Amino acid sequence: MNQQTIITARNLDLTFETNDGPVHALKDVNLDINKGDFVSFIGPSGCGKTTFLRCIAGLETPTAGEISVNGMTPDEARRARAYGYVFQAAGLYPWRTIGGNIKLPLEIMGFDKAEQAEHVQRVLDLVDLTGFDRKFPWQLSGGMQQRASIARALAFDADILLMDEPFGA
C-alpha cells in the first residue's frame, strides 16, 4: 500500500533564549505522518507538545532541522490554508455569533454565502451545536465554545486538523 506523507520533521530543534539561559523545547524530533493517520502526542506539561504543533502550523520557527506540511514549508502551508488549527482556548471573537465565528475562514477564503451557510450548518450538526449559530460565545459553556472552535477548524475541509488539547473543556 502506497502512503502519502503529509507531515515530515527531520532533526527538528527549537531553543528559546531566556534570561535564565536556553530552554530546549524540542530536540532532534524526527517524524513522518501519513495521510489518514490519527496521531496523538502524549507527555507531561512542558515537554514540547504545543511547541511542536506550533512549528507544524508555522507559528514558531525551529532553530534547527526541517519540517514540511503537504510538501510545503509550514509558512506556505499556513498561507495555503492546508490545515485547520484548534487552540487550547477556544479563541472565538466575542462580537461575532457562533455561526459568524465558524464562517470567518470561509469568508476569508471567498466562499459564496450559500456555501458558507451550508458548511456552517454541516459542522454545527457534526459537533452537536445545531441551533446555536445565532448565540454569542459568552452565551455558551466553555465546552460548547470549544466545540464551536472545532467546528470552525472543520468548516473549510482542510486535509490536516491540528488540535491542541481540544477536549479539555
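Reference entry: report on the structure contained in this document. Keep in mind it's a predicted model, so treat the numbers as computed, not measured. (Residues numbered from 1 in each chain as written. Predicted model: local features only at pLDDT ≥ 70, side-chain atom pairs only at ≥ 80, totals over all residues. Heavy atoms only, no water.)

### Some points on the nonpolar core
Here is step 1 of the chain: Core analysis: the biggest nonpolar cluster contains 21 residues, and Ile-7, Leu-12, Phe-52, Ile-56, Tyr-83, Ile-160 and Leu-162 have the highest contact counts within it.
Here is step 2 of the chain: Sorting the residues of this core by element identifies β1 (5–18), β2 (21–34), α1 (49–56), β3 (64–69), β4 (83–86) and β5 (160–163) as the ones contributing at least two each.
Here is step 3 of the chain: Examining the composition of this core, we find that five residues originate from one element, β1, more than from any other.
Here is step 4 of the chain: Apart from the residues lying within four places of it in its own chain, the contact partners of Leu-162 are Leu-53, Ile-56, Ala-57, Tyr-83, Gly-84, Tyr-85 and Val-86.
Here is step 5 of the chain: Membership of the second largest hydrophobic core comes to 19 residues, among which are Ile-102, Leu-106, Leu-124 and Val-127. (Core = buried A, V, L, I, M, F, W, Y, C linked by side-chain atoms within 4.5 Å. Buried < 20%, exposed > 50% of the residue type's maximum accessible area, 1.4 Å probe, protein only. Helix = DSSP H or I, 4+ residues; strand = E, 2+ residues; numbered from the N terminus. Contact = heavy atoms within 4.5 Å.)

### Section: the pattern of salt bridges
Here is step 1 of the chain: Applying the stated criterion to the full structure yields six salt bridges.
Here is step 2 of the chain: As a salt-bridge pair, Glu-107 and Lys-103 come within 3.9 Å of each other at their nearest N and O atoms. In this pair, Glu-107 and Lys-103 both sit in helix α3 (residues 98–109), four residues apart, roughly one turn of the helix.
Here is step 3 of the chain: Residue classification places Glu-107 among the partly exposed positions, given a relative accessible area of 32%.
Here is step 4 of the chain: Its relative accessible area of 28% is what places Lys-103 among the partly exposed residues.
Here is step 5 of the chain: One salt bridge connects Arg-122 with Asp-157, and the closest N-O pair in it is separated by 2.9 Å. (Salt bridge = Lys/Arg side-chain N within 4 Å of Asp/Glu carboxyl O.)

### Some details on helix α5 (residues 142–154)
In an α-helix, one turn spans 3.6 residues, which is why side chains three or four residues apart end up on the same side.
Here is step 1 of the chain: For α5, which comprises 13 residues, the first-to-last C-alpha distance of 19 Å matches the rise-based estimate of 18 Å (1.5 Å per residue) to within 8%.
Here is step 2 of the chain: For α5, every residue scored as buried is listed here: Gly-143, Met-144, Gln-146, Ala-148, Ser-149, Ile-150, Ala-151, Arg-152 and Ala-153. (Expected span 1.5 Å × (residues − 1).)

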